[in-house]
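Residue-level structure breakdown
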Amino acid sequence: MLQWITEQFTRYHPDRATAVRAMRHMRPAERKNLFSEDIMLMRTAEGYWFESLIYEQLLKIASQTNTIKKIVRKGADVPKHKTKITLGTNGLYSAEKGDIRVRGNGQDLAEVDLLLFDNENKVVFCEIVTSPADLKDLEAEIIYKKHLFGYMFGQEHVGFILFSAVDISNTQVVRRLVADPDNAYVGTKPCEVMKAVLKPLRLTTLPTQPVKNPKLVSCESLRTRGFDYKKLHDEALSRLYFAIDHHFSAEQYFSDPCVSPIVKKVICGGLYPSALKGLVTEYGLRVKLDVLDYTKLSQNYSKVVLAVDFPEMSPVVYLKPRKQRTYFKMIPLKAGGFKYERPTPSRVGFYLWLESVKPTLGIERTRDVLKFCESTK
């Protein structure tokens, strides 16, 4: 299927009808911004439109072949619904905006732009880009999603297609990707060239109701391998402590069959006061321009949680500001200590997981975890 789709998109240029249909997945403001003079607004709108355009074109060509058996609904083709975030939920689901996501214990583990199945019922996922930025992060995401979908659908090999409206074919990332026969790269004309067919169009209200297409299926209808992500997480955390206590390397740790490849982060636990004092005095915490000492930390923050990101084996600290429904994500500084990266809002499932964490770590275990992470660099 990968080769067939690649051939279908060679020298692709959308017809007007397909280009217009792609706009039904966009909000009115996003449609208007497709031709905005504000370059940032315009590029963002182009990204949404291009993603929807590829989806619409795949729907169109799927009706002409048995090569594509199923395409998962997204965007306007997902019936409007409210998505409740709760701990303990696992598996595929459609978000409120029609995005395709996978949850583990209520946390979003992955989001994919497109999900489809070939005539042998093998899953293929797609990512769609309109900018060459963040390709390194994209490569790591693709590797993780291959593990994730391989686990969920029981496939040793998972197909992947990267669609791009910018020429990134000669980048190291893309060269590495296409060296794998399970991957494909599809380069199209730039968005500004393809959206030219829309210019005479008055951007008025468009119908957004779900279309009827026999190839379309919902996330929730897919049969996948059930999993208890919290259980997998707890096993990975237990094996991490075992690896630390037995002076294993990171390579030895990840080769442990008890460590699931779909676990992307372990939450070690909340810090007791002894660990808080050690963290600020031996390592250091800086929230923007504010360097925290123990007094500031205990006065302004009600909880501190230590976690480790996989596969980088990179420590992460989460701070809960008093009287705020958020956590500050703190990442390591090259010179030592931790700096503020971004907030974790209350509307995401990971916030609920952090809220459920209780203090379990004293200074000795906190040091053990941080030193183990340092030793893997």
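The coordinates are above.
Residues numbered from 1 in each chain as written. Predicted model: local features only at pLDDT ≥ 70, side-chain atom pairs only at ≥ 80, totals over all residues. Heavy atoms only, no water.

In terms of regular secondary structure, the chain is built from 13 helices and 17 strands. A globule of 377 residues ought to have a C-alpha radius of gyration of about 21 Å, and the chain, at 23 Å, matches this closely. Principal axes of the C-alpha set define a box for the chain whose edges measure 65 × 45 × 40 Å. In the chain, buried positions account for 52% of the 377 residues. Counting only contacts in the chain whose residues sit at least 6 apart along the sequence, the fraction spanning at least 24 positions is 66%. Counting only carbon and sulfur atoms, one obtains 52% of the accessible surface of the chain, whose full area is about 19,100 Å². Computing the positive centroid from 57 side-chain charges and the negative centroid from 43, the chain places the two 6 Å apart. (Helix = DSSP H or I, 4+ residues; strand = E, 2+ residues; numbered from the N terminus. Rg over C-alpha atoms; globule rule 2.2 N^0.38 Å. Buried < 20%, exposed > 50% of the residue type's maximum accessible area, 1.4 Å probe, protein only. Contact = heavy atoms within 4.5 Å. Areas by Shrake-Rupley, 256 points an atom, 1.4 Å probe, with all protein chains shown as cover. Lys, Arg positive; Asp, Glu negative; His and termini not counted. Charge placed at Lys NZ, Arg CZ, Asp CG, Glu CD.)

Next up on the list: the packing of helix H8 (residues 229-245) against helix H13 (residues 363-375). In contact at an axis separation of 10 Å, H8 and H13 are set at 80° when each is read in the N-to-C sense. Judged by the inter-axis angle, H8 sits roughly perpendicular to H13. Facing H8, whose interface residues are Leu240, Tyr241, Ala243, Ile244 and Asp245, H13 presents Arg365, Asp368, Val369 and Phe372. For the contact of H8 with H13, the class distribution of residues is six nonpolar, no polar and three charged. (Axes fitted to C-alpha atoms, helices over the stretch in contact; angles between N-to-C directions. Parallel < 35°, antiparallel > 145°, perpendicular 65-115°, else oblique. Nonpolar A, V, L, I, M, F, W, Y, C, P; charged D, E, K, R; others polar.)

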